[in-house]
Amino acid sequence: MSTTAPVKESPTAGPVTPAMSHPNQSHPSQSRSSKRGRRPPGAPSQPPSGTQAASDTRRRSLGLALILVASFMVVLDFSIVNVALPSIEGEMGLAASAAGWVITGYAITFGGLLILGGRAADLLGRRRMFVAGLLVFTAASLAGGLAQDLTALVVSRAVQGAGAALVAPAALSLITTGFAEGRQRTRALGMYGATASVGFVAGQVLGGVLVQFTSWRAVFLVNVPVGLLAALLAPKLLATSRRPPVTRGLDVGGAVFITAAIAFLVFAVSQANVLGWVSPTIPTAMALFVISAAAFVLVERRHRDPLVPAELMRMPSLRTASTLNLLLGLWNAGEMLVLSLYFQQVLADSPLMTGLAIAPQGVIGFTAGAFGARLGARIGIRRVLVLCSAAATAGFLVLTQLPAGGHYSPVLAAVMLVGFGTAGTAFGTTVTASGGVGEHDQGVVGGVINTSRQIGAAIGAALLPAVAYAFGHGGPTVDVSGARAAMLAGAVVAALATLVAWRDRRAAEQRVSQAGRAKFLTGTEQKITISV
């Protein structure tokens, strides 16, 4: 087991630095209790002055705000482009299947490169990868806004996805390494989840405003000033991360195979509705996914420094968090797409009105994330996961009664239940996944968590619309019967997540009980030995 070398805290160090939170954390299997109450080697024996402490707190807050802004921009891009697709089709004279590559090109590179981006952040520096990703994302956004044909637009979207795959895990690991495990980190992750929730829904509203009053190009160009400003401020507000304790190399073979596997999977599920599930292309892509995934497992077993360490994947908390995140991505992406089609094709609302109708989901989601830390402190993170996934289930069940006409119905307020469940589950899974993980593996954990949600989103964006079309009355548009059936499918997925969260909570209680029993028996044996 490797350990980090003693590092002295600099009085002028930036706020988001591992050395300021838990420098002795070195391995996921290391006991948390062994770190409590231990002063880091070389740390000052006296607390910092009031002025210095206030300055550190201010910089820490500004650094977190910068990370949240960058994350908001990346999440916003998921949904904002969906609103612009009809305008892109009209201006470029494209078929819907061709325009769909604007979404698919981004999804393939983003989903495929997340784990590699997370490991690169661990090895090469989190701030460095964060800034590099922002610059790539911003340059690609500019190219997309200026694109004159489909090829240039799809290529720019693919590069944009690659930049986002660097930003997302680096941003998450900057938070998990910059705040000590416990109350501080939980609050920061709550704000991270809240920002992601409101960003996803805000894309619907902002996209509608930009497309209706300017042009579809604005949905890309709006990223440019934000991305440049964030890249310029990052070196001032974010401290550099420490290097791993030992020399580690990047597992190139594992990176190639996991990237290919996820890319083939995302391609297959995102194109299934376009090409048809029985099209030879889809089974071929799925076969390549299986082959690439198997090759990844073989390479990882033989590599001395694997891309995803085996001890991480054996952690019950990471496995549960990844499963829940996959289910969350499935219901969230599918719901947003089906409701968008429902509002525009059944209720004949404009893209702007559609975004405004869905906006309460983002508002409640932001509230759930912002106050998630308090709720977690009161009832426990695992109970939060059960409660929130159950709330999403209830919201979907109410949405199975979507009205067939009119403009708005009290039934639609159920999107707030779904929003609460989505944001709370995202917050809880992030806290669960990052807990007890060594500092130098936080990047790859961020990559795994984001990848699971992206895979779920790709499946949901294909599955729930397919259910809506299959259970409708036929034709090229979604009707109310199909939309209701899709909401029922979302309820089934959320209920499955509730079951997974409940089983994990029971298993965690049993592990605690067994540990306590073993401790009691050990103490009893020691007393007997002493008395004898």
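Anything mentioned here points back to the structure above.
As the structure is a prediction and not an experimental result, all values here were calculated from the model. Note on numbering: residues in each chain are counted from 1, in written sequence order. Given that the model is predicted, a residue must reach a pLDDT of at least 70 before its local features are reported, and side-chain atom pairs must reach 80 or more before they are shown or counted; all residues, however, enter totals for whole chains, interfaces and linings. Where side-chain values are given, they derive from all heavy atoms of the structure, hydrogens and water being excluded.

A.B. asks: Quick one: what's the story with the environment of glycine 406, residue by residue and with numbers?
C.D. replies: Strands here mean DSSP runs of E at least two residues long; helices mean DSSP runs of H or I at least four residues long; both are numbered from the N terminus. With respect to the helices, strands and loops of the structure, glycine 406 is situated in the loop between α15 (381–399) and α16 (415–434). It is 6.4 Å that separates the C-alpha atoms of glycine 406 and leucine 347, two residues lying 59 residues apart in sequence.

A.B. asks: Got a sec to walk through the packing of helix α3 (residues 101–124) against helix α5 (residues 150–178)? Specific residues and values, please.
C.D. replies: Contact geometry for α3 and α5: axes closest at 7 Å, N-to-C directions at 30°. If you check the angle between α3 and α5, you find them roughly parallel. As α3 packs across α5, the resulting crossing turns out to be right-handed. Considering only residue class, the contact of α3 with α5 consists of 19 nonpolar, seven polar and one charged. To get an axis, a line is fitted to the C-alpha atoms, and for a helix only the part in contact is used. The angle between two axes follows their N-to-C directions and goes from 0 to 180 degrees. Note that the term roughly parallel is reserved for angles under 35 degrees, roughly antiparallel for angles over 145, roughly perpendicular for angles of 65 to 115, and oblique for everything else. Crossing handedness is defined as follows: a turn of the near helix away from the far one that is anticlockwise and smaller than a right angle gives a left-handed crossing, while the clockwise case is right-handed. Gly counts as polar in this scheme, as do all residues outside two lists: the nonpolar Ala, Val, Leu, Ile, Met, Phe, Trp, Tyr, Cys and Pro, and the charged Asp, Glu, Lys and Arg.

A.B. asks: So, the side chain of serine 322: which residues are in play, and what are the values?
C.D. replies: Checked against the element boundaries, serine 322 lands in helix α12 (residues 316–346). Residue class for serine 322 comes out buried when judged on its relative accessible area of 12%. Contact criterion: two residues are considered in contact whenever any of their non-hydrogen atoms come within 4.5 Å of each other. With residues up to four places along the chain from it excluded, the contact list for serine 322 reads Val448, Ile449 and Ser452. Each residue is placed in one exposure class: buried if its accessible area under a 1.4 Å probe, protein chains only, is under 20% of its type's maximum, exposed if it is over 50%, and partly exposed if it falls in between.

A.B. asks: I'd love a proper account of empty space enclosed by the protein, names of residues and values included.
C.D. replies: The distinction between a cavity and a pocket rests on a 1 Å grid over the protein atoms alone: a 1.4 Å probe fits inside a cavity but cannot get out, while a pocket stays open yet meets protein on both sides within 12 Å along at least five of seven lines, and a residue with an atom within 4 Å of a point counts as lining. Grid points are joined across faces, edges and corners, and a volume is the space filled by probe spheres set on the points. Tallied over the entire structure, the rule returns two cavities of 30 Å³ or more. There is about 90 Å³ of room inside the largest cavity. Along its surface, the largest cavity is lined by Ala196, Ser197, Phe200, Val201, Asn332, Gln361, Gly362, Gly365, Gly419, Thr422, Ala423 and Arg453. Residue assignment for the lining of the largest cavity shows that the elements contributing at least two residues are α6 (183–213), α13 (351–370) and α16. Grouping the amino acids of the lining of the largest cavity by side-chain chemistry returns four nonpolar, seven polar and one charged. Leu172, Thr176, Thr430, Ala433, Ser434, Gln442, Val445, Gly446 and Ile449 together form the lining of the second largest cavity. For the lining of the second largest cavity, the elements supplying multiple residues, two or more each, are α5, α16 and α17 (442–470). If you tally residues by element for the lining of the second largest cavity, the top one is α17, at four residues. When the residues that make up the lining of the second largest cavity are grouped by side-chain class, the tally is four nonpolar, five polar and no charged.

These values are about where atoms sit, not about what they do.
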